[in-house]
Amino acid sequence: MSESSNHPSARPIPVLEVFGPTIQGEGMAIGRKTMFVRTAGCDYRCSWCDSKFTWDGSAKDEIRMLSADEIVTELLEIGGDSFDHVTISGGNPLLLPQIALLTQRLHEKGIRIAVETQGSRWQDWLVRIDEVTLSPKPPSSGMETDFEALDTIVSRLQAAPGRREVCIKIVIFDEDDLTYARGVHRRYPDVPFILQTGNPQVAHESDDHVASLLNRYEWLIGRLSELSDLKDARALPQLHTLVWGNKRGV
Ligand SMILES: C[S@@+](CC[C@H](N)C(=O)[O-])C[C@H]1O[C@@H](n2cnc3c(N)ncnc32)[C@H](O)[C@@H]1O
Ligand SMILES: Nc1nc2[nH]cc(C(=O)O)c2c(=O)[nH]1
Ligand code: SF4
Ligand SMILES: [Mg+2]
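Quick caveat, the model's predicted, so the values are computed rather than measured. (Residues numbered from 1 in each chain as written. Chains lettered and ligands numbered in written order. Predicted model: local features only at pLDDT ≥ 70, side-chain atom pairs only at ≥ 80, totals over all residues. Heavy atoms only, no water.)

Draft legend 1. Quick look at the site of ligand 1. Taken together, 21 residues surround ligand 1, and among them Trp 48, Gly 91, Gln 118, Lys 137 and Asn 199 come closest. Contact distances for ligand 1 include 3.0 Å between a nitrogen atom and a backbone N or O atom of Asp 50. With respect to ligand 1, the backbone of Thr 117 contributes an N or O atom lying 3.4 Å from an oxygen atom. Here ligand 1 loses 95% of its free accessible area of 540 Å² to cover by the protein chains. Contributing elements (two or more residues each) for the shell around ligand 1: β5 (112-117), β7 (165-172) and β8 (193-197). (Near = heavy atom within 4 Å. Polar contact = N/O pair within 3.5 Å; in protein donor to acceptor, adjacent residues only side chain to side chain. Areas by Shrake-Rupley, 256 points an atom, 1.4 Å probe, with all protein chains shown as cover. Helix = DSSP H or I, 4+ residues; strand = E, 2+ residues; numbered from the N terminus.)

Draft legend 2. Spotlight on the site of ligand 2. Lining the immediate surroundings of ligand 2 are Ile 23, Gln 24, Gly 25, Glu 26, Phe 36, Arg 38, Ser 89, Glu 116, His 240 and Val 250. A distance of 2.5 Å is found between a nitrogen atom of ligand 2 and a side-chain nitrogen or oxygen belonging to Gln 24. Val 250 places a polar main-chain atom, nitrogen or oxygen, 2.8 Å from a nitrogen atom of ligand 2. Coverage of ligand 2 by the protein chains reaches 93% of its 320 Å² of free accessible surface. In the shell around ligand 2, the residues fall into three nonpolar, four polar and three charged. (Nonpolar A, V, L, I, M, F, W, Y, C, P; charged D, E, K, R; others polar.)

Draft legend 3. Looking closely at the side chain of Asn 199. One can find Asn 199 in the loop between β8 and α5 (209-226). Polar contacts involving the side chain of Asn 199 include one to the side chain of His 209, which spans 3.0 Å. A polar contact of 3.0 Å, which involves the side chain of Asn 199, links it to the side chain of Asn 246.

Draft legend 4. Main features of the packing of aromatic side chains. Applying the stated criterion to the full structure yields three aromatic pairs. Taking the centre distance of 6.2 Å and the plane angle of 40 degrees together, the rings of Phe 147 and Tyr 180 count as tilted. Of this pair, Phe 147 sits in helix α3 (residues 147-159) while Tyr 180 sits in helix α4 (residues 175-187), placing them 33 residues apart in sequence. Note on Phe 147: relative accessible area 25%, which makes it partly exposed. With a relative accessible area of 15%, Tyr 180 lands in the buried category. Taking NZ or CZ as reference, Arg 248 lies 3.9 Å from the ring centre of Phe 53, over its face. (Phe/Tyr/Trp six-rings, centres within 6.5 Å; stacked < 30°, edge-to-face > 60°. Buried < 20%, exposed > 50% of the residue type's maximum accessible area, 1.4 Å probe, protein only. Lys NZ or Arg CZ within 6 Å of the ring centre and 35° of its normal.)

Draft legend 5. Representation of the state of the cysteines within the structure. As enumerated under the stated definition, the model contains zero disulfides in all. No disulfide involves Cys 167; its nearest neighbouring cysteine sulfur is the one of Cys 46, lying 17 Å away. (Disulfide = S-S within 2.5 Å.)

Draft legend 6. Inspection of the sheet that holds strand β3 (residues 64-66) at higher detail. The sheet built from nine strands is open, its strands ordered β3-β1-β2-β4-β5-β6-β7-β8-β9 with mixed pairing. Looking along the sheet, the strands with just one partner apiece sit at the ends: β3 and β9 (234-236). Sheet twist, expressed as the mean angle between neighbouring strand axes with direction ignored, is 30 degrees. Here β8 runs beside β9; their pairing, made up of three bridges, is parallel. Counted as the bridge partner of Leu 195 is Ala 235 from β9. Running at roughly 160 degrees to strand β6 (residues 131-134), α3 makes contact with β6 and β7 of the sheet. (Pairing = 2+ DSSP bridges. Axes fitted to C-alpha atoms, helices over the stretch in contact; angles between N-to-C directions. Contact = heavy atoms within 4.5 Å.)

Draft legend 7. Geometry of the pairing of β5. With respect to burial, β5 is a largely interior element, five of its six residues being buried. The pairing of strand β4 (residues 85-89) with β5 spans four bridges and is parallel. Opposite Ile 88, over in β5, you have Val 115 as the bridge partner. Read from β4 through helix α2 (residues 99-108) to β5, the crossover connection turns out right-handed. When β5 meets β6, the two strands line up parallel, connected through four bridges. Bridge pairing in β6 places Val 115 opposite Val 132. (Right-handed = clockwise from strand over helix to strand, strands pointing away.)

Written as structure tokens, this is what we have:
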């Protein structure tokens, strides 16, 4: 592929955070040591988004336009030789065709790559990601799922040669969200399926934040236990939020 400066894959990447090592706090790889790269910009506006600074303008002065090589250098500067896994999140990293070159550079160094996306947009580099988390948004987010786009993404990932892990992870705040999630699982029964506890306090934190998140998690486990159409699903909390609250960069 050409790396000339006009080519989309050679454009710099808008980056808001490079951090780690920490643990993957969510999903199939929960607890796994990883570094994070958080890109700026999102095509959604979820009411409860815990990373609003990626799209609401509040951190626009912190956005750095970095080349793939600069990102790899920074990951190695802060992570040393203590990591072999990088999670790319956002915002929506799937807005950025130029992440192709970053995935190439990371794989050249033997680093495994995970991506977090809501499943609204496609880029060809997604087939080269080792762990893809698709997180379509339930009614409580205020967003509407484009199921045609999600169908295309799931079927392209399933048809692509090579090995990768794909899962669907849905944030659950209430019964309507659960109804939506069950419909998504019916639509993609072969894709590993995770229900994630919703965190309603993303701007401020009350003293009982952890206790209230654990109550929500307990409710989610209870509901999952009762549902005969979710026999093979998982219920998980956001582990990093239980440990560090809403702190950024962890
Ligand atoms: C900040 S998003 C960035 C990636 C992508 N835009 C997405 O939504 O999948 C990363 C993950 O955090 C989840 N998330 C965001 N706000 C949350 C909240 N208040 N409670 C629980 N999970 C949340 C999202 O659903 C997503 O799975
Ligand atoms: N530790 C940790 N785990 C995470 N898993 C998904 C995250 C995200 O914001 O995409 C996230 C995050 O921000 N921190
Ligand atoms: S899709 Fe992800 S980053 Fe975008 S607003 Fe929703 S939770 Fe936030
Ligand atoms: Mg997060």
